[in-house]
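Chains, contacts and geometry: an overview
Letter by letter, the chains look like this.
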Amino acid sequence: ESIGFFMVNDGFVYLHTRDSKIYLVDHNIEEIMQRLPGTHFYRLNRQCITNIELISSFSTYTRGRIKVDLKPYVEEPMLVSFKKRAEFLEWINQNI
């Protein structure tokens with residue numbers, strides 16, 4: 001319930017909670033994604049898995065990618081590739 005998103009940074013995976021706490025996780029991003037319910041979590045890119053409840057908005061970005069804004073605010077832009085764009089939009093429409 002308190003899981004916000006997972007982020008890879010310098011080869012390590014960190015769990016960011018909804019109340020802004022950060023924990024080092026002893027699993028890789030692929031293993032984590034396999035354990036999470038696909039209706040609530042989506043792998044935006046190679047570095048980030050997010051909880052659907054943290055998505056505040058999304059918009060078209062350069063080269064057909066999608067920029068996803070999370071709450072609380074995350075400084076680094078969360079981008080979905082052009083290749084995964086249709087899959088992301090289908091997932092978001094099915095789960096909101």
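Before going into details, it helps to say that this report is about the structure given with it. (Residues numbered from 1 in each chain as written. Predicted model: local features only at pLDDT ≥ 70, side-chain atom pairs only at ≥ 80, totals over all residues. Heavy atoms only, no water.)

Considering the layout of surface pockets
Empty pockets left among the atoms are what a rolling probe the size of a water molecule brings to light. The test is simple: Only protein atoms enter the 1 Å grid, on which a cavity is a set of points fitting a 1.4 Å probe that cannot get out and a pocket is an open set with protein on both sides within 12 Å along at least 5 of 7 lines, lining residues being those with an atom within 4 Å of a point. Grid points are joined across faces, edges and corners, and a volume is the space filled by probe spheres set on the points. Under the grouping applied here, Gly and all other residues not named as nonpolar or charged are polar, the nonpolar ones being Ala, Val, Leu, Ile, Met, Phe, Trp, Tyr, Cys and Pro and the charged ones Asp, Glu, Lys and Arg.
The computed volume of the largest pocket comes to approximately 160 Å³. For the largest pocket, the full set of lining residues is Met-7, Asn-45, Arg-46, Gln-47, Glu-76, Pro-77, Met-78, Leu-79 and Ser-81. A class-by-class count of the residues in the lining of the largest pocket yields four nonpolar, three polar and two charged.

A few points about the sheet that holds strand E4 (residues 41-43)
Within a sheet, each strand pairs with its neighbour through backbone hydrogen bonds, oriented either parallel or antiparallel. The criterion, for reference: By this definition, two strands are paired if DSSP reports at least two bridges between them. Runs of E in the DSSP output that reach at least two residues are strands. Runs of H or I that reach at least four are helices, and both are numbered from the N terminus. Angular values range over 0 to 180 degrees, each being the angle between N-to-C directions of two axes fitted as lines to C-alpha atoms, with helices fitted over their stretch in contact.
If you trace the five strands from one edge of the open sheet to the other, you get E3-E2-E1-E5-E4, paired in antiparallel fashion. Each having just a single partner strand, strand E3 (22-25) and E4 make up the two edges of the open sheet. Neighbour-to-neighbour, the strand axes of this sheet turn through a mean angle of 20 degrees, independent of strand direction. Strand direction decides the pairing type here: strand E2 (residues 12-17) and E3, joined by four bridges, are antiparallel. Each bridged residue has a counterpart across the sheet, and for Leu-15 the counterpart in E3 is Tyr-23.

By themselves, these figures tell us nothing about what the structure is for.
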